[in-house]
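# Commentary on secondary and tertiary structure
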Amino acid sequence: MRYEAEPITPQKAANLVRAIATRRDREAFKDLFNFYQPRIKTMLMRGGAADEIAEDLAQETLITVWRKADSYDPGKATVSAWLFTIARNLRIDRFRKDQRAQLHHVYELMLPAESAPPDAPFDAVQRESRVRAALDSLPEEQVRVVELSFFEGNAHGDIARKLGIPLGTVKSRLRLAMARLRSFLGENS
Amino acid sequence: MTITHHPGEETLAAFAAGTLDEPRSVVVAAHVALCPQCRATVATFEQFAGTLVERALPAAPRAGALEEALAQLDEATPPAPVIRQPEPDCPGVLAPYEVGRWRWIGPGVYWRKVEVPQSEGTRVFMLRAGPGSSLPHHGHSGVEWTCVLQGAFRHDLGRYGPGDFDEADNTVEHTPFVEEGDVCICLVAMQGDLELRGWLGRLLQPFVRL
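Since this is a predicted model, take the numbers as computed values, not measurements.

## A closer look at the pattern of salt bridges
- Applying the stated rule across the entire model yields 21 salt bridges over all chains.
- Here Arg144(A) and Glu152(A) are joined by a salt bridge, their closest N and O atoms 3.5 Å apart.
- Judged by its relative accessible area of 29%, Arg144(A) is partly exposed.
- Notably, a salt bridge pairs Glu68(B) with Arg62(B), separated by 3.3 Å at the nearest N-O pair.

Below is the structure:
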């Protein structure tokens with residue numbers, strides 16, 4: 001089935017985005033879409049979006065990639081991180097009560113000018129490999145608590161109820177996961 | 001600018017994930033805009049989220065989803081919304097929001113509203129206090145997150161200068177005072193009301209329904 005697309009390496013994903021930017025390559029778009037659209041949909045549904053809305057937002061995320069491909073900077077973020085931020089911003093806008101102001105602009109306005117020196121001592125590709133190594137080293141139960149907490153926005157008490165574990169265990173798993181992430185990324189990241 | 005007080009990691013993670021409410025996100029963003037270290041941390045959490053997306057089990061797409069998307073690719077891109085310039089003496093991250101006029105709330109202390117939609121009783125405002133002034137000793141009925149934009153204040157937990165971030169909640173009681181020298185301007189997300197202590201506080205309480 002097509003939504004079980006092959007994994008895309010960070011390098012390949014960056015090449016696909018470049019192919020869209022430089023020659024409006026529709027085949028590259030299809031590859032990105034088949035891999036990322038269903039996974040972004042999963043992420044949005046875990047965050048509480050209904051199937052229909054998650055589908056629309058995931059689709060809009062990929063269409064935004066097509067439109068903004070030429071502004072993608074592989075030194076600042078991998079494609080997966082970039083797509084995540086696009087989906088996050090679309091979701092924020094979608095669930096806003098007041099449509100006048102737009103929080104997602106705040107995420108763009110806080111970034112330094114293009115010409116500013118990089119913030120981190122390593123680039124996006126190095127960051128990705130460190131995050132991947134940290135994630136690989138984390139027990140599944142810690143990853144789950146991190147997902148529930150940060151990415152799905154649950155309070156610690158709700159996580160404890162959902163998983164049927166004590167509140168203290170939720171907190172210690174989060175703390176351990178953070179410490180591991182920190183150890184893989186070093187002090188200044 | 002030497003920043004010594006940062007938002008907690010959990011706060012930065014929730015901010016990166018987009019699960020923090022809007023008032024608090026705006027104040028965190030004001031700090032992140034001034035702090036390369038926290039920008040790098042946010043980028044790390046964004047990568048963390050991106051890697052989790054890669055590893056997620058794919059949801060079943062709607063039939064014809066790809067064809068629908070392909071059909072939209074050649075449609076004209078909607079024009080990007082125009083963001084105003086921020087008001088004078090406002091940080092750049094406030095550009096999307098209306099900002100009210102400075103209003104006097106006490107000796108040497110002024111307040112202006114920032115029109116970020118409230119979330120669970122949390123609202124955003126800027127506070128401006130003259131050198132040497134102090135706020136009455138107070139507690140909080142909810143969170144009070146502050147990013148210093150200019151000048152510096154001190155309280156029991158240290159000195160807070162430009163870019164510093166103070167994450168107080170209802171367990172904190174303090175008497176912040178502004179250092180001599182520069183006017184201190186802060187961006188604040190506050191939930192509930194300040195709870196003023198002491199005879200001066202009780203006297204001022206009716207006037208500071210911030």
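## Focus on the sheet that holds strand β6 (residues 153-155) of chain B
All names here are of chain B.
- Spatially, β7-β6-β9 is the arrangement adopted by the three strands of the open sheet, whose pairing is antiparallel. The strands lining the two open edges of the sheet, one partner per strand, are β7 (158-160) and β9 (177-178).
- Where β6 lies against β7, three bridges are found, and the strand directions are antiparallel. Pairing of His 155 across the sheet is with Gly 158, part of β7.

## Some remarks on the interface of chain B and chain A
- In this assembly, 62 residues from chain B lie in contact with 66 residues from chain A.
- Here chain B and chain A share an interface that buries about 6000 Å² over both sides, 63% of which is from carbon and sulfur atoms.
- Across the chain B-chain A interface, the total number found is six salt bridges.
- The partner of Arg62(B) in a salt bridge is Glu52(A), and the shortest N-O contact between them spans 3.4 Å.
- Every element with two or more residues in the side of chain B that touches chain A is listed here: α1 (9-17), α2 (22-34), α3 (36-55) and α4 (65-72) of chain B.
- When residues of the side of chain B that touches chain A are assigned to their parent elements, the largest contribution, 18 residues, is made by α3(B).
- Its residues assigned to classes, the side of chain B that touches chain A comprises 38 nonpolar, twelve polar and twelve charged.

## Describing the sheet that holds strand β5 (residues 144-150) of chain B
Residues and elements named next belong to chain B.
- The strand order across the open sheet built from six strands is β1-β2-β3-β10-β5-β8, with neighbouring strands paired in antiparallel fashion. Two strands bound the open sheet, and with one partner strand each, they are β1 (103-106) and β8 (165-168). In this sheet, neighbouring strand axes are inclined to one another by 30° on average, regardless of whether the strands run parallel or antiparallel.
- Sheet topology places β1 next to strand β2 (residues 109-119); three bridges connect them, and they run antiparallel. Across the sheet, residue Arg 103 finds its bridge partner in β2, namely Trp 111.
- Sheet strands touched by α2: β2, β3 (122-129), β5, β8 and β10 (184-191). Its angle to β5, the strand with the most contacts, is close to 35°.

## With respect to the side chain of Glu46(B)
- By the element assignment, Glu46(B) lies in helix α3.
- The class for Glu46(B) is buried, based on a relative accessible area of 14%.
- If we skip the residues at most four places from it in the chain, Glu46(B) touches Ala81(A), Phe84(A), Thr85(A), Arg88(A) and Ala16(B).

## Points about the pairing of β2(B)
All names here are of chain B.
- Hairpin connection, β1 to β2: the antiparallel pair is bridged by two residues, and Gly 108 has positive phi, about 75°.
- Taken together, the seven bridges between β2 and β3 define a ladder with antiparallel strand orientation. In the sheet register, Val 114 faces β3, and the bridge partner there is Val 124.
- The turn joining β2 and β3, which pair antiparallel and follow one another in sequence, is formed by two residues; a positive phi near 45° is taken by Glu 120.

## Notes on the nonpolar core
- Of all hydrophobic cores here, the largest spans 102 residues; its most connected members are Phe29(A) and Tyr36(A).
- Per-element tally for this core: the top contributor is helix α2 (residues 26-46) of chain A, with nine residues.
- In terms of nonpolar packing, the next biggest core, distinct from the first, is built from 14 residues, Leu127(B), Ala129(B), Val148(B) and Met190(B) among them.

## Quick word on the environment of Val79(A)
All names here are of chain A.
- With respect to the helices and strands, the residue Val 79 is situated in helix α4 (residues 79-94).
- The sequence separation of Val 79 and Thr 9 amounts to 70 residues, and the corresponding C-alpha distance is 9.7 Å.
- Setting aside chain neighbours within four positions, we find Val 79 in contact with Ala 13, Ala 14, Val 17, Leu 32, Tyr 36 and Tyr 72.

Rules used throughout
- Residues numbered from 1 in each chain as written.
- Chains lettered and ligands numbered in written order.
- Predicted model: local features only at pLDDT ≥ 70, side-chain atom pairs only at ≥ 80, totals over all residues.
- Heavy atoms only, no water.
- Salt bridge = Lys/Arg side-chain N within 4 Å of Asp/Glu carboxyl O.
- Buried < 20%, exposed > 50% of the residue type's maximum accessible area, 1.4 Å probe, protein only.
- Pairing = 2+ DSSP bridges.
- Helix = DSSP H or I, 4+ residues; strand = E, 2+ residues; numbered from the N terminus.
- Contact = heavy atoms within 4.5 Å.
- Buried area = accessible area lost by both parts, 1.4 Å probe.
- Nonpolar A, V, L, I, M, F, W, Y, C, P; charged D, E, K, R; others polar.
- Axes fitted to C-alpha atoms, helices over the stretch in contact; angles between N-to-C directions.
- Core = buried A, V, L, I, M, F, W, Y, C linked by side-chain atoms within 4.5 Å.

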